[in-house]
Amino acid sequence: MRLATIRTEDGTRAVRLEGDRLVDLGRPDLGALLAEADWELAASADGGRTFAAAGADFAPVVPSPSKVVCVGHNYTNHIQEMGRELPAYPTLFPKFADTLIGANDPLVKPPETDRLDWEVELTVVIGRQVRRASTAEAEAAIAGFTVMNDVSVRDWQFRTIEWTQGKIWDSTTPVGPYLVTPDELPGGVRPRLNVRTLVDEVVMQDDDTATLLFDPVALVEYVSTVITLRPGDLIATGTPAGVGQARDPQVFLQPGSTVTTEIDGIGACTNAVV
């Protein structure tokens, strides 16, 4: 299934993609749907009204997750371009719900920075509460996957040795448009998918999720050891080589540009920088 949260005249709605139509699932958003124990049954049931998929106004796929956990340094090529050694454990940092925007929303460049960077990321959407998950429990907890652009404010990120202040800027992180369930993807809960970033149609990042150091199942196991993962929570699995910070010369997002982060089989976030 392909599920989303869209904005309508009556507020946000959880929907399922059927052909060129979006079927209303009777819940206000995917967070509310995933909180139900039988969400898969509810998501596949006959729906109510429908909306055209073309031109739909996508909200963040889960508008208000209880937590967004991001993973740094999880593709070998990106670790090498940033001049670091391969980590023994996942590098974690948080985002917050206030950072999230829809897949096609404008990306507003904060006036406090000229070093706004892109990071395409395969993102896990949790569908079942887990703590200290076994491998089997971690696999079962993955509702599906979506696309995130972990937009980073690099000058603030590197003000200190701790990155969070460069990652949590309000309304800077596109996520969506769809949650795609693992049964639709090659590799299932360990998907093998091409990931790309294009800035003004120029390819900046191009890699394969099969090269992740810590795959989605391993990340659910690891993160759930530290903290309870709840339905609707997001885990962004890291970005490959090709970020603007590591280029020579460096390149950053500017007003007037369009940045597209896309993952085969899932979809794309396309955001005009303003």
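Residues numbered from 1 in each chain as written. Predicted model: local features only at pLDDT ≥ 70, side-chain atom pairs only at ≥ 80, totals over all residues. Heavy atoms only, no water.

### Observations concerning the overall build of the protein
The helix and strand tally for the protein stands at six helices and 17 strands. The C-alpha radius of gyration of the protein comes to 18 Å, within 12% of the 19 Å expected for a compact globule of 274 residues. Projecting the C-alpha coordinates of the protein onto the three principal axes gives extents of approximately 55 × 45 × 30 Å. In the protein, of all internal contacts separated by at least 6 residues, the share reaching a separation of at least 24 is 75%. (Helix = DSSP H or I, 4+ residues; strand = E, 2+ residues; numbered from the N terminus. Rg over C-alpha atoms; globule rule 2.2 N^0.38 Å. Contact = heavy atoms within 4.5 Å.)

### Structural notes on the sheet that holds strand β17 (residues 267-272)
Pairing within the open sheet is antiparallel, and its four strands lie in the order β14-β13-β16-β17. Two strands in the sheet have a free side with no partner beyond their single neighbour: β14 (202-208) and β17. Across the sheet, the axes of successive neighbouring strands diverge by a mean angle of 10°, strand direction being ignored. Judged from the five bridges that link them, strand β13 (residues 194-199) and strand β16 (residues 258-263) form a sheet pairing that is antiparallel. Bridge pairing in β16 links leucine 198 to threonine 260. (Pairing = 2+ DSSP bridges. Axes fitted to C-alpha atoms, helices over the stretch in contact; angles between N-to-C directions.)

### Section: the pairing of β17
Bridge count between β16 and β17: six bridges; the pairing is antiparallel. For threonine 260, the partnering residue across the bridge sits in β17 and is threonine 270. Hairpin connection of β16 to β17: three residues between the antiparallel strands, including glycine 265 at a positive phi of 85°.

### Considering the layout of surface pockets
Here the largest pocket is characterised by a volume of approximately 160 Å³. Around the largest pocket sit 14 residues that line it, and Lys67, Val68, Val69, Pro94 and Ile227 are the ones nearest its centre. Those elements that provide at least two residues to the lining of the largest pocket are β5 (68-72), β6 (91-95) and α6 (216-226). Looking at which element gives the most residues to the lining of the largest pocket, the answer is β6, with four residues. Grouping the amino acids of the lining of the largest pocket by side-chain chemistry returns eleven nonpolar, one polar and two charged. (1 Å grid on protein atoms, 1.4 Å probe; cavity = no way out; pocket = protein on both sides within 12 Å on 5 of 7 lines; lining within 4 Å. Points joined across faces, edges and corners; volume = space filled by probe spheres on them. Nonpolar A, V, L, I, M, F, W, Y, C, P; charged D, E, K, R; others polar.)

### What about the nonpolar core?
Leu22, Val220, Ile235, Ile263 and Ile266 are the most contacted members of the largest nonpolar core, which totals 40 residues. Sorting the residues of this core by element identifies β1 (2-8), β5, β9 (120-126), α4 (135-141), β10 (142-149), β12 (173-180) and α6 as the ones contributing at least two each. Setting aside chain neighbours within four positions, we find leucine 22 in contact with Ile6, Val15, Arg16, Leu17, Arg49, Thr50, Phe51, Ala52, Ala53, Ala56 and Tyr178. Among the nonpolar cores identified, the runner-up in size contains 23 residues, and Leu3, Leu30, Val61 and Val62 belong to it. (Core = buried A, V, L, I, M, F, W, Y, C linked by side-chain atoms within 4.5 Å. Buried < 20%, exposed > 50% of the residue type's maximum accessible area, 1.4 Å probe, protein only.)

### Considerations on the side chain of threonine 181
With respect to the helices and strands, the residue threonine 181 is situated in the loop between β12 and β13. Its relative accessible area of 4% is what places threonine 181 among the buried residues. Within the local environment of threonine 181, its side chain forms a polar contact with the side chain of aspartate 183, the two groups lying 2.7 Å apart. Setting aside chain neighbours within four positions, we find threonine 181 in contact with Met1, Trp39, Ala143 and Gly144. (Polar contact = N/O pair within 3.5 Å; in protein donor to acceptor, adjacent residues only side chain to side chain.)

### Comments concerning unusual backbone geometry
Of note, the amide linkage connecting glycine 176 to proline 177 takes the cis form, showing an omega dihedral of -10°. One can find proline 177 in strand β12. The peptide bond linking aspartate 248 to proline 249 adopts the cis configuration, its omega dihedral lying at 5°. Within the secondary structure, proline 249 is located in the loop between β15 (234-236) and β16. Even without glycine at this site, histidine 73 takes up a positive phi of about 55°.

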